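What follows is each chain in one-letter form.
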Amino acid sequence: MIETEQLPVVKSEDNEKSKSSAGLPWLERIGYGIGDMSYNIVFQFVNAYLLFYYTDVGGIHPAVIATLFLVVRVLDAIFDPIMGVILDKTNTRWGKARPYLLWVSLPFALFTFLCFTTPSFGPTGNIIYAYITYILLGMSFSMQTIPVNSLTGRITNDVQERTVLTTTRMILVYIGILLSIACATPLATVLGGENQAFGFQMTALVYAIVSIVLNLFSFFTVRERIVPKKGEKHGLKMTLSVLFKNKPLLILSSSFLAFAIGFNIKLSTMVYYFTYNVDQKELVFFGTVLFFGAALISNLFIPVFSEKWGRKNVMIISAAISLISYIGLHFTPYSSITFILIWLFASGFFTTPLNTLAWGMIADCVDYAEWKTGVRADGVVISSMSFTNKLGVALAGSFSAIYLGIAGYIPNADQTVTSLNAIKNMNALIPGLFILLSIIIICFYPLTEKVYKKMISELEQRSN
């Protein structure tokens, strides 16, 4: 339910001071990151293990899952722009985006638990149940992540502070992802023993409870400072038009789509690679820690290099270097564990800036929309990025399931050479090709730091 209480009026001089303030309290930076961490602990757990859970625990055929993933995730993605419009029309005493951290925490946790619960409804009934619970989880994803992502532009409009804020957030996100995915299998084993279904169900329950606690912490520590100037109300058609007149957004989201597809293909099939190709399932834990640990370390350097060379250049250079790791993994024998882990670390380290900086730059696209059209529609613009991310996840999951089915993958059995090659391709060459496409697209992104500062200056002059 959306409260209709009006936002408090912020005096112009106070607003300008908060806008130009480059130093946010560290508690707030961490609190903001914790909000996204709570989402990603669940989101990445679902991305990494739901396909495996459906095939090896639920016994659902990969072809059925391929359709389920594509249909559900596309429907989920379509809901994102709707959520964006709802967010733009939300007005409460806590702000526009912040209250959703409180409102959505419980349903988000509930649907996480239900997705990893296998009922006894029969083959058809279980598939229908999977559709319903996955759709509801996806909708709660949207109601969580779109407000969190829009907070970047509501907390500050200083370019470097946004980079620090987003980097802090991503460090916490990768810590959450690392712990979430790496601990999933051990937790499922400890909690369920030989009963994988119960083990994954209890693991999902643990993560759901953790997400509630983290959401509440974020709600009580962040503040919305940037209050748009009140003006005429714009209709839905005008609001949505900012998407199609926003060249930086179209380029950024297209580049991110390519990244999201490649990244999630690799993420969702890494467990298959270590289980069947390398034949050392115990390395799933260490490999996951290494991959996301590399991403975590990479984020420590992003603010420094971005300030020196610019965000776009850092994205292009680092991602180009990462291509070496995908090629290297493709030609590395399964017995060469050391080299496999080296390539895994390199891909996690050098691919990360594509993700981290894209989420920071989306706030710039919100400002661009206001500068270009006079309409500030944070929710709609942010939702387009969330839509892109979920579409990437949907396409990646569907592609992975279809490719496994075509290659003749059989759960819990020795795999054919064709199946092993398909799994290797989804961990090496295929993600590499999508990363290359992402690099090519981001080369055309027009909002450099110099252009952005000029744009913000003009926006401030208009508001005076």
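Structure first, text after, so check above.
Draft legend 1. Local environment of the overall build of the protein. Per the secondary structure count, the protein includes 17 helices and zero strands. Since a compact globule built from 464 residues should have a radius of gyration of about 23 Å, the 22 Å found for the protein is in line with a globular shape. Seen through its principal axes, the protein has C-alpha atoms that stretch 70 × 45 × 40 Å. Out of the 464 residues in the protein, the part that is buried amounts to 59%. For the protein, contacts bridging at least 24 residues in sequence account for 85% of all contacts bridging at least 6. Accessible surface computed for the protein: about 18600 Å², of which carbon and sulfur atoms make up 70%.

Draft legend 2. Structural view of a nonpolar patch on the surface. Together, Ile297, Leu300, Phe301, Val304, Phe305, Trp309 and Phe345 line one region of the surface with nonpolar side chains, adding up to about 650 Å² of accessible area. With six residues, helix 11 (residues 283–309) is the largest single contributor of residues to the nonpolar patch. Mapped onto the fold, Phe345 is located in helix 13 (residues 337–373). On the basis of relative accessible area, Phe345 is assigned to the partly exposed category, the value being 31%.

Draft legend 3. Representation of the nonpolar core in the model. Membership of the largest hydrophobic core comes to 133 residues, with the highest contact counts inside it found for Tyr54, Phe116, Leu252, Tyr272, Phe274 and Phe292. Excluding residues within four positions of it along the chain, Tyr54 makes contact with Gly59, Ile60, Ile65, Leu68, Phe69, Cys115 and Ala130.

Draft legend 4. Focus on the pattern of salt bridges. Considering all chains together, one arrives at seven salt bridges under this definition. For Arg225, the salt bridge identified is with Glu28, shortest N-O distance 2.7 Å. Note that Arg225 is positioned in the loop between helix 8 (196–221) and helix 9 (236–244) and Glu28 in helix 2 (residues 26–57), a separation of 197 residues in sequence. In this structure Arg225 comes out as partly exposed when scored by relative accessible area, which is 22%. Residue Glu28 is classed as buried on the basis of its relative accessible area, which comes to 3%. Close ionic contact of Arg169 with Asp36 constitutes a salt bridge, the shortest N to O distance being 2.6 Å. Taken together, the residues span a long stretch of sequence, with Arg169 in helix 7 (residues 159–192) and Asp36 in helix 2 at a distance of 133 residues. When salt bridges with common partners are traced through the structure, they connect Arg162, Arg311, Asp364, Asp367 and Glu449 into a single cluster.

Here is what the cut-offs are and how they apply
Residues numbered from 1 in each chain as written. Predicted model: local features only at pLDDT ≥ 70, side-chain atom pairs only at ≥ 80, totals over all residues. Heavy atoms only, no water. Helix = DSSP H or I, 4+ residues; strand = E, 2+ residues; numbered from the N terminus. Rg over C-alpha atoms; globule rule 2.2 N^0.38 Å. Buried < 20%, exposed > 50% of the residue type's maximum accessible area, 1.4 Å probe, protein only. Contact = heavy atoms within 4.5 Å. Areas by Shrake-Rupley, 256 points an atom, 1.4 Å probe, with all protein chains shown as cover. Patch = residues over 30% accessible without salt bridge, like charges linked within 9 Å, V, L, I, M, F, W, Y side chains within 5 Å. Salt bridge = Lys/Arg side-chain N within 4 Å of Asp/Glu carboxyl O. Core = buried A, V, L, I, M, F, W, Y, C linked by side-chain atoms within 4.5 Å.

It is worth stressing that arrangement in space is one thing and function is another; only the former is reported here.
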